[in-house]
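# Remarks on the overall topology
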Protein chains: 2
Amino acid sequence: MPRTYDYLREGAAIYARSFATIRAEASLERFTPDEERVAVRMIHACGMTSLADVLQFSPGAAVAGRAALKAGRPILCDSQMVAHGITRARLPADNRVLCTLNDPSVPALAQRIGNTRSAAAVELWLPHLAGALVAIGNAPTALFRLLELLEAGAPRPALVLGMPVGFVGAAESKEALIAATEQASIVVPGRLGGSAMAAAAINALASERE
Amino acid sequence: MPRTYDYLREGAAIYARSFATIRAEASLERFTPDEERVAVRMIHACGMTSLADVLQFSPGAAVAGRAALKAGRPILCDSQMVAHGITRARLPADNRVLCTLNDPSVPALAQRIGNTRSAAAVELWLPHLAGALVAIGNAPTALFRLLELLEAGAPRPALVLGMPVGFVGAAESKEALIAATEQASIVVPGRLGGSAMAAAAINALASERE
């Protein structure tokens with residue numbers, strides 16, 4: 001008889017036990033109920049309860065994100081990983097999930113504006129930006145370029161998730177987002193971040209179901 | 001004149017500075033050159049230099065992974081996020097990247113075997129397992145189910161990346177993988193892990209180019 005392992009094999013039970021563990025261990029007291037659901041789901045995606053100590057919500061950001069999703073606004077993602085981490089069945093209005101990174105016009109546009117492909121892809125968000133949800137989980141240059149477009153008068157998204165990851169520009173771009181206080185935002189400061197966190201935040205805002 | 005920000009806008013320069021920062025800060029001395037490239041790229045994907053202190057390679061695992069990719073073996077992924085994080089242009093033999101999670105047979109199969117959809121999707125890997133690369137960045141149940149299939153005599157992959165994330169089964173499934181010493185593996189122990197780390201490890205094994 002081949003060996004089997006003793007482990008929980010039922011998806012709903014795994015989620016329930018995971019979320020209970022997170023709520024028992026993480027410091028979630030400072031969050032509103034909407035923020036708390038976002039924090040818990042992001043911690044679930046990264047395995048780090050310490051995320052609760054650094055995650056930053058601008059006032060009303062979680063409420064604004066939920067409302068925008070319910071209103072059917074699109075979700076603009078800076079990477080295919082973010083787009084593929086969003087659980088379509090949780091979205092309240094069959095919201096469009098858009099990642100323009102692989103658009104055929106992007107390489108030439110990047111050359112022309114003298115920036116990365118990730119930043120060039122953000123230019124293609126302009127027709128969709130008004131009231132949208134922006135989920136940046138990969139590229140600091142995408143976040144910097146978005147902030148530049150907003151300063152130049154681009155339509156304002158309902159919410160920006162500032163969660164690019166890494167060692168060059170990630171911390172700085174997120175500081176710039178926090179400094180842009182007129183923009184609702186949820187931010188993982190410093191080097192930490194990533195597509196899984198950004199997708200988890202969208203998934204949490206999309207539905208109260210856990 | 002709208003404000004612009006001062007940031008590095010050239011992809012290659014961003015990579016170079018990121019990798020130099022990682023090599024200056026992380027403790028990489030214990031790794032072989034092949035392992036070091038994997039560690040650096042995984043750190044780049046998660047923003048945490050401390051990953052270098054916990055990442056575990058079985059002897060020869062990095063070499064086995066590189067060889068399997070060069071030999072054109074498929075890459076079996078437990079989530080769409082892992083599959084979409086793999087940079088196709090880096091793959092040395094136009095290797096197939098397979099994620100069976102959304103196969104229409106999976107829900108019924110999960111019911112039948114009394115396990116999660118992630119575990120059921122692993123059953124569909126059987127025709128592709130021999131000599132393949134397995135990249136598990138999401139579901140502990142996928143890793144447990146793979147180990148059970150291997151104990152029951154399934155064809156052995158060349159390399160298993162054990163990087164599921166989370167609070168229920170993640171640490172335990174990775175301990176079980178490390179204990180299965182006949183299987184070459186790269187493991188992020190404990191709760192940490194994720195699709196970005198698993199994809200980064202594949203991307204590092206795929207090409208020496210940084």
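Calculation criteria
Residues numbered from 1 in each chain as written. Chains lettered and ligands numbered in written order. Predicted model: local features only at pLDDT ≥ 70, side-chain atom pairs only at ≥ 80, totals over all residues. Heavy atoms only, no water. UniProt positions renumbered as here; feature names shortened; annotations may be inferred. Helix = DSSP H or I, 4+ residues; strand = E, 2+ residues; numbered from the N terminus. Polar contact = N/O pair within 3.5 Å; in protein donor to acceptor, adjacent residues only side chain to side chain. Contact = heavy atoms within 4.5 Å. Axes fitted to C-alpha atoms, helices over the stretch in contact; angles between N-to-C directions. Parallel < 35°, antiparallel > 145°, perpendicular 65-115°, else oblique. Left-handed = near helix turned anticlockwise from the far one by under 90°. Nonpolar A, V, L, I, M, F, W, Y, C, P; charged D, E, K, R; others polar. Least-squares fit on C-alpha atoms with pLDDT ≥ 70 in both.

- As recorded in an unreviewed UniProt entry, chain A goes by Precorrin-8X methylmutase and comes from Thioalkalicoccus limnaeus.
- Quoted verbatim from the Pathway (unreviewed entry) field of the UniProt record, the comment on chain A reads "Cofactor biosynthesis; adenosylcobalamin biosynthesis."
- UniProt lists a comment for chain A under the heading Sequence similarities (unreviewed entry), and it reads "Belongs to the CobH/CbiC family."

### As for the side chain of Ser 173 of chain B
Residues and elements named next belong to chain B.
- Along the chain, Ser 173 turns up in helix α8 (residues 170–179).
- Within the structure, the side chain of Ser 173 is placed 3.0 Å from the backbone oxygen of Ala 170, a separation counted as a polar contact.
- Here Ser 173 is in contact with Pro 140, Leu 143, Phe 144, Leu 147 and Pro 164, once residues within four sequence places are set aside.

### Quick notes on the packing of helix α7 (residues 140–151) of chain A against helix α8 (residues 170–179) of chain A
All names here are of chain A.
- One can describe the packing of α7 onto α8 by two numbers: an axis separation of 9 Å at closest approach and a directional angle of 25°. It follows from the interaxial angle that α7 and α8 lie roughly parallel. The handedness of the crossing between α7 and α8 comes out as left-handed. Contacts from Pro 140, Leu 143, Phe 144 and Leu 147 in α7 reach Ala 170, Glu 172, Ser 173, Lys 174, Ala 176 and Leu 177 in α8.
- Of the residues assigned to the contact of α7 with α8, the class counts are seven nonpolar, one polar and two charged.

### Digging into the relation of the copies chain A and chain B
- It takes a turn of 180° to lay chain A on chain B, together with a shift of 0.0 Å along the axis; the resulting RMSD is 0.0 Å. Put plainly, the chains are arranged around a two-fold axis. Taking the C-alpha atom as reference, chain A places Met 81 of chain A closest to the rotation axis, 2.5 Å from it.
- When the interface residues of chain A are mapped onto chain B, 100% of them again lie at the interface, so the same face is used by both copies.

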